[in-house]
Amino acid sequence: MEKQYPANAATESNAPWTVDDSERLYGVNDWGAGYFNISERGEVQVSVQRQGQSTSVSLLEIVQGMKERGMEMPAILRIENVLDQRIKELNEAFIRAIADVDYRGDYRGVFPIKVNQQCHVIEEIADFGRRFNHGLEAGSKAELIIALSQLRDNNSLIVCNGYKDAEFVDLGLYARQLGINCFFVLETPAELPIILERSKALGIKPLIGARIKSSVIVDGHWNEDSGDRSIFGLSTSALLDVVEQLKTAQMLDCLQLLHCHLGSQIPNIRNIRSGVQEACRFYAGLIAEGAPMGYLDLGGGLAVDYEGARTNSTHSMNYRLDEYCVNIVEAIVESLDPLQIEHPTIVTESGRATVAYSSLLLFNVLDVRNHDPRPLPETLPDTDHETLHNLFAVNSTVNERNFQECYNDALYYRDEIRELFRRGHVGLRDRALADNITLAVLDKIAKILKTIERVPPELENLPELLCDIYYGNFSLFQSLPDIWAIDQVFPVMPIHRLDEQPTREAIIADITCDCDGKIDRFISPQGIRNTLPLHSLNQDQEYYIGVFLVGAYQETLGDLHNLFGDTNVVSVKVNDDGSYDFVREFHGDSISDVLSYVEYDPKQMLEQFRRRAEQGVRDKIISASQRQKMLSAFKDSLQGYTYFEREAQD
Ligand SMILES: *Cc1c(COP(=O)(O)O)cnc(C)c1O
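Asker: Where do I start with the overall build of the protein in this structure?
Answerer: Broken down by element type, the protein carries 22 helices and 21 strands. With the C-alpha coordinates aligned to their principal axes, the bounding extent of the protein is approximately 100 × 75 × 55 Å. Counting only residues that meet the buried cut, the protein has 54% of its 650 residues in that class. Residue pairs in contact within the protein that sit at least 24 positions apart in sequence constitute 75% of those at least 6 positions apart. When the accessible area of the protein is evaluated, it comes to approximately 29,800 Å², of which 47% is carbon and sulfur surface.

Asker: Sorry, what's going on with the side chain of Lys164 here?
Answerer: You can see Lys164 is positioned in the loop between β7 (157–160) and α7 (166–177). Here Lys164 falls in the buried class, since its relative accessible area comes to 4%. Here the side chain of Lys164 touches Cys160 through a polar contact of 3.3 Å, landing on its backbone oxygen. Among the polar contacts listed, one links the side chain of Lys164 to the backbone oxygen of Gly162, at a separation of 2.5 Å.

Asker: So what exactly am I meant to see when it comes to the pattern of salt bridges here?
Answerer: Two side chains carrying opposite charge are able to pair once their charged atoms lie near each other. For the structure on display, the rule yields 38 salt bridges. Among the ionic pairs, Arg41 bridges to Glu43, the shortest N-O distance being 3.4 Å. On the accessibility criterion, Glu43 (9% relative accessible area) is buried. Two residues, Glu191 and Lys164, come together in a salt bridge whose shortest N-O distance is 3.2 Å. Of this pair, Glu191 sits in helix α8 (residues 191–202) while Lys164 sits in the loop between β7 and α7, placing them 27 residues apart in sequence. Members of the salt-bridge network, linked through shared partners, are Glu80, Asp84, Glu123, Glu124, Lys573 and Arg584.

Asker: For this particular structure, what's the right way to read the side chain of Ser475?
Answerer: Looking at the element boundaries, Ser475 is found in the loop between β14 (468–472) and α17 (476–479). Leave out the neighbours within four places in its chain, and Ser475 touches Leu480, Asp510, Thr512, Phe564 and Tyr643.

Asker: Help me out: how do you make sense of the pairing of strand β21 (residues 580–586) in this one?
Answerer: The side chains of a regular strand alternate between the sheet's two faces. Examined bridge by bridge, strand β20 (residues 568–574) and β21 share six bridges and lie antiparallel to one another. For Ser571, the partnering residue across the bridge sits in β21 and is Arg584.

Asker: Where do I start with the sheet that holds strand β3 (residues 53–58) in this structure?
Answerer: Whenever strands of a sheet pair, they do so through backbone hydrogen bonds, lying parallel or antiparallel. Ordered in space as β1-β2-β3, the three strands form an open sheet in which the pairing is antiparallel. For this open sheet the edge positions go to β1 (36–38) and β3, each flanked by a neighbour on one side alone. Within the sheet, the average angular offset between the axes of one strand and its neighbour, ignoring direction, is 40°. Bridge count for β1 against strand β2 (residues 44–50) is three bridges, and the pairing is antiparallel. By the bridge assignment for β2, Ile38 is matched with Val44.

Each value, and the rule that gives it
- Residues numbered from 1 in each chain as written.
- Predicted model: local features only at pLDDT ≥ 70, side-chain atom pairs only at ≥ 80, totals over all residues.
- Heavy atoms only, no water.
- Helix = DSSP H or I, 4+ residues; strand = E, 2+ residues; numbered from the N terminus.
- Buried < 20%, exposed > 50% of the residue type's maximum accessible area, 1.4 Å probe, protein only.
- Contact = heavy atoms within 4.5 Å.
- Areas by Shrake-Rupley, 256 points an atom, 1.4 Å probe, with all protein chains shown as cover.
- Polar contact = N/O pair within 3.5 Å; in protein donor to acceptor, adjacent residues only side chain to side chain.
- Salt bridge = Lys/Arg side-chain N within 4 Å of Asp/Glu carboxyl O.
- Pairing = 2+ DSSP bridges.
- Axes fitted to C-alpha atoms, helices over the stretch in contact; angles between N-to-C directions.

By themselves, these observations are geometric and do not establish any function.
Structure representation (structure tokens):
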């Protein structure tokens, strides 16, 4: 159960607000994993390690740099150094664990392409990962093509999961012929005959892996996919069928890898350990059947602590990277040593934990709607309806003792006025006044609630009902689909003004006009809460918000809801001297791009509009030069960004 927390941003205190207060409020040090922190100037900065030195760059500065280069909000910002550092940390943690436990085998990481297929992300992983022989996992033909073109040496692995047709198999076999360690992992027994047939036809021997269904049920969001109900993997009997088929074909020597993926974002280390133990039993069983084996692939699942809570709740994790590696290595040693089985090469397919930290979504706030009551008149004229007078009287009597009664009275009278309005007995202005007096009452009650210990259950939601709505220039469906699809939480916070106390409590709405297009669950050091403390907007100054840890899954699952397209993307590399380079820039979709995705022909659309405008000229509604203006506005829009564009400001 999630607890409700009353709004706490605006609690009064006399000490001046400092960046440390912001740090605690938004929990940056808890979820930032050392990559993100707040500078003295009150701006979020990204910190990267270079030769033991830490270098920091302000995100606001990067946003200004983007603006100067014509890259408007919203935008995805990637920090290449963070991606490099994650790959390094993952590999070095396994290397350390292997040394500590005296493990006589290697580690080979593979990055699952599905987690972020963007070309420059994969290029960076292939490039930087090369020193660790970090490979790629492919789940489709398209992804295998990516892997074959991006990896450049034969020491890293390509692991092929997913259904494989003859064409897929041929590609993988040619890779074998080139000496590439390309494994076909069997998801179903039906795949094996295709592999055997193509192998025979081409005269190339495959490397085969078998994916098992683990019976370990894991905590977290993906627990339905684990255990016997998993839709992937071979049942134990099917695994034995595979062994028989391979024996018959005299190709049991090709079976060298056991694959076991327990699920994504596994928050509990005990599940991982149990999964490894069970996988080792299967591994040993296959050796007993006569397969050579050599590789134990434990899939993905290494979690990201989105909440920074270090617990086994869905969006957190109760272990550190080092612990993850040590637990795996130890569990293998404990399981296989008694059987005198050689230590296998350990493979993991960490996706989320590799890329989540390196991307963030940045957007500006377009507008704010609040529920602050407007100033009330001193008295109401005698001519006003009696119910309005009653409501007005409630407002002047609210105090610490009677607030619950006042709450009920106010809602009662407000509804009464609405009923009278419906029947035509009071007018528009009376109704507006009633709503406003009610807001004034609720506002007073909300302030009282902040000062008391026990909030009556019926009033628990009041602070949320009264919170502001900040309209952000982004589409949740395009850029943060997991918030909508699986109630994912990400760290969200302003990237500047953090030396100022945020005085508002808000939820964030996107610009899709869809009632699901909102963020209303936020991490906080006290747990998940339903509102986020934010600053009131300053006139003539943009307010920028960052959504962090979005490098995994978000970009590729996004859709074109309301035809908001891909956002701008920049990749930044931080240099040792604290300067940084925009190494890559990608302009997001134009309106014309998204229209053609749904089969419109922008040229034809322009022509159709031209005809209408020309008709206007013929009918003398507009002049020819007005027609020209209209057509160029139409053309400019077609070429423009799908998001809200501000005229030069700031
Ligand atoms: C999705 C997936 C992964 C990646 O999992 P993460 O939890 O992101 O590390 C790895 N292996 C397989 C087979 C997958 O389907």
